[in-house]
Each structure stands twice: as C-alpha cells, then as structure tokens.
Amino acid sequence: MPSAAITAQAASTACHAAIAHAEALGIRINVAVTDASGTLAAFLRMPNAFLHSIDIAIDKAYTAASFGFPTSGWPDILAGDEALRIGIVHRPRLVVFGGGLPVKENGTLIGGIGVSGGSAEQDEACARAGLEALGLT
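These remarks concern the structure in this document.

**What about helix 2 (residues 53-67)?**
Between the first and last C-alpha of helix 2 there are 21 Å, a value that for 15 residues agrees with the 21 Å anticipated at 1.5 Å per step. Looking at helix 2, one finds that the buried residues are Ser 53, Ala 57, Ile 58, Asp 59, Lys 60, Ala 61, Thr 63, Ala 64 and Ala 65. Buried residues along helix 2 sit in contact with strand 1 (30-35), strand 2 (40-45), helix 3 (74-79), strand 3 (100-105), strand 4 (108-116) and helix 5 (120-133). Backbone geometry just downstream of helix 2 places Gly 68 in the positive-phi region, at approximately 80°.

**Quick notes on the pairing of strand 1**
Within a regular beta strand, the side chains point alternately toward one face of the sheet and then the other, so they alternate between its two faces. Buried residues dominate strand 1, accounting for 5 of its 6 residues. As judged from the 5 bridges shared by strand 1 and strand 2, these two strands associate in the antiparallel manner. Residue pairing across strands places Asn 30 opposite Arg 45, the latter belonging to strand 2. Hairpin connection of strand 1 to strand 2: 4 residues between the antiparallel strands, including Gly 38 at a positive phi of 90°. Looking at chain direction, strand 1 and strand 4 are connected through 6 bridges and run antiparallel. Following the sheet pairing, Asp 35 is matched in strand 4 by Gly 111.

**Topic: the sheet that holds strand 1**
Judged by pairing direction, the sheet is antiparallel, and its 4 strands sit side by side in the order 2-1-4-3 without closing on themselves. Looking along the sheet, the strands with just one partner apiece sit at the ends: strand 2 and strand 3. Between one strand axis and the next, the sheet turns by 15° as a mean value, whatever way the strands run. Bridge count between strand 3 and strand 4: 6 bridges; the pairing is antiparallel. The residue of strand 4 that forms the bridge with Val 103 is Gly 111. Of the strands in this sheet, strand 1, strand 2, strand 3 and strand 4 touch helix 2, which is tilted by about 155° from strand 4. Running at roughly 140° to strand 4, helix 5 makes contact with strand 3 and strand 4 of the sheet.

Criteria and cut-off values
- Residues numbered from 1 in each chain as written.
- Predicted model: local features only at pLDDT ≥ 70, side-chain atom pairs only at ≥ 80, totals over all residues.
- Heavy atoms only, no water.
- Helix = DSSP H or I, 4+ residues; strand = E, 2+ residues; numbered from the N terminus.
- Expected span 1.5 Å × (residues − 1).
- Buried < 20%, exposed > 50% of the residue type's maximum accessible area, 1.4 Å probe, protein only.
- Contact = heavy atoms within 4.5 Å.
- Pairing = 2+ DSSP bridges.
- Axes fitted to C-alpha atoms, helices over the stretch in contact; angles between N-to-C directions.

Printed below as a string of structure tokens:
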C-alpha cells in the first residue's frame, strides 16, 4: 500500500495487476504509473502491445496525475467550453479519453496510472484493477 508518495513496489504492483486484467480481457496493453508530479515510476509493456500506445499510456498517467481526475472526464469538461475544447487538445502530453486514473490515498494525490492498448473502457478497467491491487479505488 502506498504511503504519502507512491513507492516503487506499489507502482510495480499496480502495473502487474493491470496486465493481469488485460490478460483476462484478451488484450495487450502498455501500463504506466507516475508519482504525483507526473514523473514515471513504473512501466510495463505486454509482448506485441501497440508501440504507439507506449507514449499514450505514459501520457494518460501524466494527465491523470497532473489534473487529479480520470482522463475519461475530459469530454464532459470540454463539452461546455468551445474555446477550451479547441485549445487544450493542443497541449503536449494531454490525453482527453479514458484509460488514465489518479492514484489517491486517503484523498491525497500520490500519482497516476495510465493504460493503452484496448478500448478506452478496457484501458480504464485495467487501470482500475491496478488501483484495486493497492487497496485503492
């Protein structure tokens, strides 16, 4: 279980749990975990997972850590603000579709987890499995 900052062990555990869930779904993923600053703490790639998904997984974790909410929340936020919708998507490393979740312990942001390789819903389910392996939601 993480404490104040995500540990190397916790980041690794989350990656392995996300991969186990991907195997159960029959998909191949890349999974990344960052600390609260968005700096990469752990990464795993399943054999034959999409190469382009490497950076997407890392950026999903970065986006979730930097904003503190799931990347799947962006469509609702962007729907109400045309200028934001047009402008923010040009920001480097910002991902505005599902698969990235913040890692919070007792309400404190300690990192992010990002998964890429399946549908947005499958990616988010794998990321959630990573959090659940840490006893987090």
